Structure formats: structure tokens, C-alpha cells
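The primary structure of each chain is shown beneath.
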Amino acid sequence: MTVSCSRRLDSPADLQIVHDRIFWTLRHDDADKALTDVNGALAQLAGKNVEWTWRLKVLKAQILLYESNYQEALSVLSEPLPGSLAATDIVVRKAMMEGIAHRQGQQFTESQNRLSKAEQLARASHPQLLGDVLNARGALEVDQKKFRDGQVTFEQALTLARQEQDRDGEASVLNNLARVAMKQEHYGEAVDRANVALRLSHSLGLQPLAATVLGNLGYSYSELGDYDNALEYFKEGAERSQRIGLPGYSAYWFTGVANSYLALHEYALAEDLARSTLDRAHGLKNAQTTTECLNTLAEVMFRTHRLSEAKRYNQEALKIEDSGGDTFGVPDSLIMAGHIAVAEKHFGEADQFFHRVLSGSSSDAPLRWQAESGLAEVRDGEGKPVEAERMYLQAIDTIEKARHSIEHDELRLSFLSSGIAVYGEYIDFLVRHGRPLDALGQAELSRARTLAEGLSLDAKAISRTTPGVQPQQLAQRLHATLLFYWLGENHSYLWVITPAGTTSFALPAASEIEPVVRAYREAIVHSSDVLATGDRLTGEKLYVTLIAPAKKFIPANSRVILLPDGSLYGLNFETLIVPGAQPHYWIEDVTLTTGNSLTLLTASVNRPTAKEKNVLLIGNPREANIEFPPLLQAPNEMKKVERYFPEPRRAVLEGDRATPSAYLNSNPERFSYVHFATHGTASRTRPLESAVILSQEGESYKLYARDIVTRHLKAELVTISACYGAGTRAYSGEGLVGLSWAFLRAGAHNVIGALWEVSDTPVTPELIDSLYRELGEGKDLASALRSAKISLLHSANPNSVFRKPFYWAPLQLYAGS
């Protein structure tokens, strides 16, 4: 929809059409074009029609405010309104735009005065505008941190918008309600509200509003520690803003993209984007975005050990803020200034910076815990370890209180990622002060928190102490050596726990380990014969880094329980290559199980073994989507499993009967074994959307992880011989979250899940057949699975493709509680 400014604007009807078309362009299409069109219309009108000149000037101010160009908007509206227009709606609209402009300039008293006038006039003579005025007043109250008032005002505006059937206004208010929740650090609620606003914005074609909602979603996910989702939403908000002529918003959301890269340790990407966005921000003369970019660059420089550059960028940011150009970024700049001062051993300066953050009224929970942990660094540097430890514990308490305020499991899952650095700093502190066992205890406290809560363990008690966990006694009762890993930004650690004692080792930082893990996993997934190619060196390097320090504590052919961290959850340690005269996979030396935490392993020791051996067997569904074609080997796999459970001891859901509701209504808690022979999906950005693919009923054919956790299980073993049954994304403190995690959360004692897509070849049924045969002969789960894998690895044909780890190594055993 375009404006033809070449047509004569002689009649009110023509002027109304032009005005409405410009407004439509603003709300649905392109703010730059709307500004061009309104300027063209004003030039053609040349003040000949006073009323329509002012209507177009108010509209121009509104367009300028879309880009937060409040100074120019106020300039456009600076002349007094002619007395002839005093009774029109223009007086309300002008006062409202002036109120919004003053709010954007943080001139809150002037804003309140103008909005109060607008509200008074709207109530008296123009009630159709009252909802818009209340929406503007609510935004002011939020900026003034009057969150409860803002909430009430927005709810009133929402009621009016719905009464007037103003869908555009309704979408705008819904976005502002999400913003209230966001400002109160109720990020789960903010995400829910924003998603409603986004759906409505999309349905109405409100492109600028949708771009704003996307950016706000990015912010909420970032604060929740879900940087993958934050990256996705920030990027979409930035790119959409750019397309529709909102360069200021685009630049601002691109700072969110850069900060997401920073949080994901993609430092080169963060630096490049922050530099290019900084140039754009200078061109736009946008102080807030400029400060954001400077803060990002300062942190990149600090983390990559370029202290002088970090200090230069930080001082630039502080200079802008001290001049009053931007106040929103002040706490972030002060936090960085404190860290730089600590690095320079200027502890008095650092103390002042961190205390300024804590004394500020705008400091949200992440800023508080960063300042508290910063003060811990200061006290440690000053030689006051007791005070330092108190501050670290205070920071961790701040993190845990914020985490417990989040109601949604899926959002709580990611939250610890935003605070895990504090745990790492405290663990480094404990190790430095010769307390490796206390460091292990602290690392354990961060593990499987949401999983423990789902299993009704006392997570609140776990949060501060773990008296029930005695690592050496646990190793003795499990007849195993426990390898507990922590990957940290500055230091990583391995604790080797045996019945005789606990020994700790320092490992390289996560940034050194993770690229090697990724490279080796990619080689395996691409079906490389890693033992016979150049990839062998990568497998040997990982063995030397991760296992060799513990070698003397691990007897040959013994049991090992791994408690990985971070990217190590996606690595099958069985495939690591033991160097020497006869290089071989580590599976030949040990029997492996993967656990989530010492607490959950302790709970598993005390549970009784299922007396009755029965199975719920689900698979070989009817094709519901061409993305998931029939698995040719699924019928064979199911037949092989059936042989080990005679008719009275098995329930089979196959073909049309293998539906999500059939599983959920089968009373799965009755079975000691649950086995799925079908496709699976793993969602990296929304792991509880991971699903088992079954037969269609109505619109549904997916058994989602979020539904799996709602049905209690007592199964000794759940097997998901499907694609990515283990999940693809590891969360700080939780491990891989996907189908395996969901079944453990539901109560399964053990789960076998796939780390990568399982091949639809005869190898899978043969491996499953060997597993159940070994179990029938009395072997434990870990030994039975190892024997099944080794039988493939040692297949008679030395040239068999199935000797590659891609075929024998995807399935991994996870121990629950």
C-alpha cells in the first residue's frame, strides 16, 4: 500500500486516505517509507489545511518515535496547537506523543504531565483513544520501575482494546505486558506473554511490532541462560527491523546477537559483529547501542586476555554514561571495570565498582550475583579467604533464588547457564586454597538440579549441602571407579573417586577441550574408521587428556561410571583410543555407564530391583510423515525383543496401535522394561519438544519429552533405539536433555539412548538381541551392553563396516535413580 503524493490533496477524503495509507505503511511495512511519504504529504499540503497539517505532524512524530528519535519528534510538535483544534482528538494525540517522547528521553516528570493531560482529555471527550493513552502511561510506569502500577494500567488498556475490537492495540498491549514481566525478572511469564503477542502480531501483519517482540524474546531467553534461543530470536528481530526501515532497533538487536555469541564462547563472531554494529551506532548517534557494543567488546577483550584493549573500551563506555548519554548500560560497565581493576590488583577501585552495582536500584539478579562474585575475587586478592568464600556463597544463593522463581521446567533447565561461571570461579577458589574435596562437593551441587526436583528429591536441601553423598562409599557400593568432570572457562578438573580415596587433577580449559571433542565426534558420525585413519590421533589426544591422568586408579576390565560436563556429554568415551603398540578403543578395557550426579547415583544404590521381568514394546508405527519413513529393521528388532518375554509378560503396541496416547494410557509404571523401536527427534533449541515418532491419531503422532515426564515409571530399563534418543544439547548442571533425560525424569532407573542417528541396518536388531540375551543370562545392564558392542567390534569379517564406531557406539547407558 503506497501513497501517491503527486495527487492533489484538496478534500478531507483525499487527506484521510493519504493519512491512513501512511499509518498502514508504518504499522505493517516500512518505517523509512512512511517517513518519506509523510514528509512528501506535508510538503504538498504546505500548511494550507491546518487540521490535516497537524494530523500529519502528529503522525510524523509517531514515526520518529518508532526509531526512538524523541528529540526530532518533540521538535515537530514544538509549536502550540491552534485554538481551533482544541476540541479535536488531535490535542489528545499530540499530548500522548509528547509524553512518549519525553519518556524515551528519560524526562519522566514531563512525560507524566503530558500523559496525564492526554488521559484527562481522552476520558472527557475522546474515549476511543483512552486505551492508547493508558498503554503509553503503562510504559512510563515500567520505566519508572512502578511495575505493579504498570501491570494494572496495561490490563486496563487491554480491556479497552478488546472492547473497541482494536486488534492492533491489543497486540501492542500484550507486548507491553510481556515487558512488565521481563522487567520484574519473571522471564518465564515474559516468554509466555510475548509468544501470544507474537502470534497476534504475525496474524495482523504488524511487522515492526513483531520485530520488537522477537527482540524482547531474545532478551528473555538470554536472561534465562538459553543462549541458543536468544541468538535465534535476536537475529530474527534484528534482520526484520533492518528490512522494514528501523535501523536503530536493528542495531540494538544485533548487540543481542553479539552478546549471545559471547555467551556461547564464539569470541571471534562476537567481536566482528560488535565492531560493525558499533560503527552503525556511531552513525545513528545512538548512545545506548554504542554503550552496549563497547561493553561487549570490553568483555571479549577481557576474556581473550587483551587487558589494555578491554580497559580502553570500558573507559569509553563509562565516559558516555557519565555524560548522561546512556544510563541503562551503567551496571554492566561497572562490573567490567571491577574485573579489570581486580586483574590489575587495584582492589580498592574494584571494591567501589562492585558496590556501586549492588547499591543501584536497577541491578537485577544477574548483575547482583556478578557483583557479589566480583567482591569475592576482591577479598581473595586482599588475602581474606573467609570473607571471599562468604561472598561466593552469597552469589550462589542469589542464583538459586532466581532459578527457583522460574515456574517452567524447560526455562529453568537453561537458567544455570547464565550463572555457571560463578560456580566455576568458586570451584577455582577452593582448588587454589587446597580444598579439592570441597570443590568436588560444590561441583556436585550444581548437577541435575531440575532432574532431581522432578524425581521429588529434596532439591532445596541439595542446594546447600549433600550429607547423603559419601563419594568413596558410593564407589565401593557400586564396585566402580567414578570419574567426575568439570569444564570451566579458566580451568577444568577431574576427580577420580575410588573406594580408597578421591584424587583430583587439573585439566585444560573448556575452550581447549571442546574443539577436540567436536572434531572427534564429527569424524565418528561421518562414519570414519577412526582407528585406521588420521582421526586416531584425535581419539588418542582425548584419551591422554581425559583418561590418562586416572589410568593408575582404573584396574583392567573394571567398571567405570562417568559424570561428564558440558560437551563431554556428547562424547562416547568408549570410542576413545588407548595409545601404544596396539592402539584400541577404551571399551576393550572397561565397562562404562554415564551418570548425571553423585546424588542421583546414591539414590540408585538404595532402590530395590524389579522382581517381575515384563516389557512394554512399542514400535514399527504406520508412517505419519514422509520425513520419517518406515524403519525396515523395526519389525525384526521387535521380534527379537519379544523372544525374551513370553506372552503373559509382554504388551506390544505396533502399527496403528503404536500411538502417543496408547503409551500414555498403558500404565507404563507396570513394566520393568520399556522398549521403543522407531524414529526419534531431538530439538536443540526446545529439548522438551524432542519426541518419539509413532502412528498418527488426529493431528498428533509425536510422543513429546514434555509428555513423557508426566507419566511415572519404575522401569529398570527404557531403551530408545532411535535417532538422537540421548538429546543433542547439554545444559549446565543437567547434561544432555532430550528423550533419555525425560524418561529418567519420569522415574526410569536406567535408559539406553542414542548419541547420534542410529543406522537402519541389521546391526541394530543384532545389537539389541545380544543385549537382551546377555541380560537373560544374568549380566548387569552395563556389562550386557558392552558385550553386545564388543561382539560387533570383533565381528568375524575384519573388513566389516560395522566395526566402525558409528555402528556399534551410538547407544549409551545412562544411570538414573
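Look up: the structure comes first, before these words.
A quick note: this is a predicted structure, and the numbers were derived from the prediction, not measured.

## What to know about the environment of Glu387
- You can see Glu387 is positioned in helix α20 (residues 385-404).
- Each C-alpha atom of the pair Glu387 and Gln144 lies 35 Å from the other, and the pair is 243 residues apart in sequence.

## Observations concerning the pairing of strand β9 (residues 650-655)
- Bridging between strand β8 (residues 615-621) and β9 involves 6 bridges; their strand directions are parallel. The partner of Val615 across the bridge, within β9, is Arg650.

## Examining the sheet that holds strand β13 (residues 700-704)
- Spatially, β11-β12-β13 is the arrangement adopted by the 3 strands of the open sheet, whose pairing is antiparallel. Each edge of the sheet is formed by a strand with only one pairing partner; in this case those strands are β11 (680-681) and β13.

## Details of the side chain of His126
- In this structure, His126 sits in the loop between α6 (108-125) and α7 (130-143).
- Those residues within four positions of His126 in sequence are excluded, and the remaining contacts are Ala87, Thr88, Asp89, Val92 and Leu121.

## Re the pattern of salt bridges
- Following the criterion strictly, the structure yields 41 salt bridges and no others.
- A salt bridge links Glu387 to Arg379, with the nearest nitrogen and oxygen atoms 3.5 Å apart.
- Here the residues in one salt-bridge network are Asp351, Arg379, Glu382, Lys384 and Glu387, joined through shared partners.

## Here's the deal with helix α30 (residues 634-642)
- Looking at α30, one finds that the buried residues are Ala634, Glu637, Met638, Lys640, Val641 and Glu642.
- If you follow the buried residues of α30, they end up packed against β8, β9, β10 (673-677) and α34 (763-776).

## What to know about the packing of helix α11 (residues 207-223) against helix α12 (residues 227-243)
- In contact at an axis separation of 7 Å, α11 and α12 are set at 155° when each is read in the N-to-C sense. Considered as vectors, α11 and α12 are oriented roughly antiparallel to each other. Regarding α11 and α12, the two cross each other, and that crossing is left-handed. Where α11 abuts α12, its residues Gln207, Ala210, Ala211, Leu214, Gly215, Leu217, Gly218, Tyr219, Tyr221 and Ser222 lie against Tyr227, Asn229, Ala230, Tyr233, Phe234, Glu236, Gly237, Arg240 and Ser241.
- Among the residues forming the contact of α11 with α12, the class breakdown is 10 nonpolar, 7 polar and 2 charged.

## Re the environment of Leu601
- One can find Leu601 in helix α29 (residues 598-605).
- Between the C-alpha atoms of Leu601 and Val469, which are 132 residues apart in sequence, the distance is 9.0 Å.
- Not counting the four nearest positions on each side in its chain, Leu601 is found in contact with Leu474, Leu478, Ile561, Leu563, Ala815 and Gly816.

## Focus on the side chain of Ser787
- Among the secondary structure elements, Ser787 is positioned in helix α35 (residues 781-793).
- Discounting residues that sit within four places of it in the chain, Ser787 has contacts with Glu774 and Lys779.

## Regarding helix α13 (residues 247-263)
- End to end, α13 covers 24 Å across 17 residues, agreeing with the expected 24 Å (1.5 Å per residue, within 8%).
- Buried residues dominate α13, accounting for 12 of its 17 residues.
- Here α13 has its buried residues at Gly248, Ser250, Ala251, Trp253, Phe254, Thr255, Gly256, Val257, Ala258, Ser260, Tyr261 and Leu262.
- Taken together, the buried residues of α13 touch α11, α12, α14 (267-284) and α15 (287-303).
- Of the residues one or two after α13, His265 is the one with positive phi, at around 65°.

The rules we used
- Residue positions are counted from 1 within each chain, in the order its sequence is given.
- Only residues with pLDDT of at least 70 get local features here, since the model is predicted, and only at 80 or more are side-chain atom pairs given and counted; chain-wide, interface and lining totals rely on the full set of residues.
- In computing side-chain values, all of the structure's heavy atoms are included and hydrogens and water are not.
- By definition, any uninterrupted DSSP run of H or I lasting at least four residues is a helix, any uninterrupted run of E lasting at least two residues is a strand, and each is numbered from the N terminus.
- Each pair of strands is called paired provided DSSP finds at least two bridges between the two strands.
- Any two residues whose heavy atoms approach within 4.5 Å are treated as being in contact.
- One speaks of a salt bridge when a side-chain nitrogen belonging to Lys or Arg is within 4 Å of a carboxyl oxygen belonging to Asp or Glu.
- Each residue's exposure class comes from its accessible area (1.4 Å probe, protein chains only) as a fraction of the maximum for that residue type: buried when under 20%, exposed when over 50%, partly exposed otherwise.
- A fitted line through C-alpha atoms represents every axis, and for helices the fit uses only the stretch in contact; the resulting angles, taken between N-to-C directions, go from 0 to 180 degrees.
- Each angle gets one of four labels, with under 35 degrees taken as roughly parallel, over 145 as roughly antiparallel, 65 to 115 as roughly perpendicular, and the rest as oblique.
- In this scheme the handedness of a crossing depends on how the near helix is turned from the far one: anticlockwise by less than a right angle means left-handed, clockwise means right-handed.
- Only Asp, Glu, Lys and Arg are considered charged in this grouping, and only Ala, Val, Leu, Ile, Met, Phe, Trp, Tyr, Cys and Pro are considered nonpolar; every other residue, Gly among them, is considered polar.
- Every helix has an expected span of 1.5 Å times one less than the residues it contains.

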